[in-house]
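Structural description and commentary
Chain residues, written in single-letter form:
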Amino acid sequence: MQYALAMPALRPRQQKAVDDLRAAYRAGRDAVVLVAPTGMGKTATAAEIIRSAISRGNPVWFLAHLQEILLDTSRRLTSEGIQHGFIMAGMPSDPTAMVQVVSVQTAARRPILSKPALIIIDECHLAVAKTYLRVIEAAGNPKLLGLTATPERLDRKGLNELFDHLVPTCSTRDLIDEGLLSSLRYYAPSLPDLTNVRDRGGDYDEGDLAEVMDQPTITGDAIAAYRKYAQGRPAVAFCTNIKHATHTAEAFAAAGFRAVAISGKSTAGERKHALEALKAGQIDLVANVGLWVAGVDCPNIGCVILLRPTKSVTVYLQSIGRGLRIHQDKDDLVVLDHAGNVFEHGMPDEPREWTLEGRRKRKGQAAPPVRQCPACFAAHAPAPVCPCCGHTYFVAEREGPRIVEGELLEITSEVAQKIRKPHPAAGCKTYEDLVQRAREKGYSDGWAKHIWQARQRKKLKTA
Ligand SMILES: [Zn+2]
């Protein structure tokens, strides 16, 4: 074994993750998931586990079924100075390498000659239990290490078919606060009406969704919001189906932006070209269908446009995660949510508790703690002042909007009303202002007094 490169020391958080993983295996766990948000440095963490495994003569596999992830893994291993072979169609095999990057499909077809002591499954929320279990069994049931930011499958099932233990690390918020991830501004300028959208396989029916979302009004809103909040930022849009992605790209192009659409039907070359062009700043927007939910590393993405409502918190967080990497050319990430996802799943940096059963619990609350600014449409965690435009909330506004599952339509109109109609006390700073406003509106002086007293009580409470 030779390591040509001197490896940088692990950050304290990564070292702790390594220690926690070792402790879990020592305690008899066989299949452990490391929950690591984008930016935590899971590659560096996994690399340390790999180095210590191979230094004791234990071979390691990296297992995945998507070409993007396998190639991304290989690139990351190389950057960590870890030599590896492939068990993957079209890639050079090297049976003597202690580390193998393994395609599930290829491993299922070929006889397994040398069995690994550890299998690492990156983006393990994408692992389809049955197929993976077959390969894992054929490989002699070695220890498993899953890596993901969101330990819940896209169909909202848990990971307990493959894994028996979760090791948490840190939150997205921690990484934003430390400058390791981009901060974000979140706007929800429109809310779709999903009343007639049926369920299918744990998420919304895609055909029904396309009917609601693939509409000139929504696409027009998205273009207007991009102009207003994100002009000039490399953007990725998440759409409901191929036609919708194509229509979105066409509409952006008609509005003067450089836009392309990609989907599972695009060739590998087209997909790669779209990514490279966005990275190089040659295009403004890539409209895609479910492709860029993982395994795509394009740190200069400065705007994520959500045009696909989803019931899956994993789809939601992974989509936004594409824009959270830091990059010299951006100050922050702008999220434009035209799908109402923030009201279903909460802010992307909201603290979350994960379980292997796939149901995260929100402590004592049915609705996510999200507030929407009536002045600029920003969605944010409850605060007395809008972090995006500085709008100061008044007591009545601080209560809502509350979005709870199954009541989206009703609440939607409530939100819409709030957006159209500012609070009658908006802009009043002093008691005199309130009295003046009361006269203008024909309210009694008692109204001004009531608002003023409520504000004083609030001040006392927060002082
Ligand atoms: Zn605002």
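Description of the structure in this document.

Analysis parameters
Residues numbered from 1 in each chain as written. Predicted model: local features only at pLDDT ≥ 70, side-chain atom pairs only at ≥ 80, totals over all residues. Heavy atoms only, no water. Donors = N, O, S within 2.8 Å, 3.2 Å for Na, K, Ca; no water. Buried < 20%, exposed > 50% of the residue type's maximum accessible area, 1.4 Å probe, protein only. Pairing = 2+ DSSP bridges. Helix = DSSP H or I, 4+ residues; strand = E, 2+ residues; numbered from the N terminus. Axes fitted to C-alpha atoms, helices over the stretch in contact; angles between N-to-C directions. Contact = heavy atoms within 4.5 Å.

Around the zinc ion, the donor atoms from the protein are C373 (SG), C376 (SG), C386 (SG) and C389 (SG), and they sit 2.3 to 2.4 Å away. When the donors of the zinc ion are listed by position in the chain, the intervening gaps give C-x2-C-x9-C-x2-C. A residue is classified by how much of its surface remains accessible, and C386, at 2% relative accessible area, is buried. The exposure class assigned to C389 is partly exposed, which follows from its relative accessible area of 39%.

Moving on: the sheet that holds strand β4 (residues 99-103). Sheet architecture is open: 7 strands sit in the order β3-β4-β2-β5-β6-β1-β7, paired in parallel fashion. Each of the sheet's edge strands pairs with one partner strand only, and the pair in question is β3 (85-87) and β7 (165-168). Strand-to-strand twist across the sheet, computed as the mean angle between neighbouring axes with direction ignored, equals 25°. Bridge analysis of β3 against β4 gives 3 bridges, and the strand direction is parallel. Each residue of the ladder has a partner; that of F86, found in β4, is V101. Packing against the sheet, helix α2 (residues 42-55) makes contact with β1 (31-35), β2 (60-64), β4, β5 (118-122) and β6 (143-148), and its axis sits at approximately 145° to β2. Sitting on the sheet, helix α3 (residues 67-79) touches β2, β3, β4 and β5, and the angle it makes with β4 is about 165°.

Moving on: unusual backbone geometry. With phi around 50°, E123 is a residue other than glycine that occupies positive phi space. When you line up the elements, E123 lands in the loop between β5 and α5 (129-138). In the Ramachandran plot, R156 falls in the positive-phi region, its phi being about 70° despite a non-glycine side chain. Within the secondary structure layout, R156 lies in the loop between β6 and β7.

Okay, the pairing of β2 next. By the criterion of burial, β2 is predominantly enclosed, with 5 of the 5 residues buried. The side-chain alternation of β2 yields two buried faces, one formed by V60, F62 and A64 and the other by W61 and L63. Inspection of the sheet shows β2 paired to β4 by 5 bridges, in the parallel sense. Across the sheet, residue F62 finds its bridge partner in β4, namely V101. Taken together, the 4 bridges between β2 and β5 define a ladder with parallel strand orientation. Residue pairing across strands places L63 opposite I121, the latter belonging to β5.

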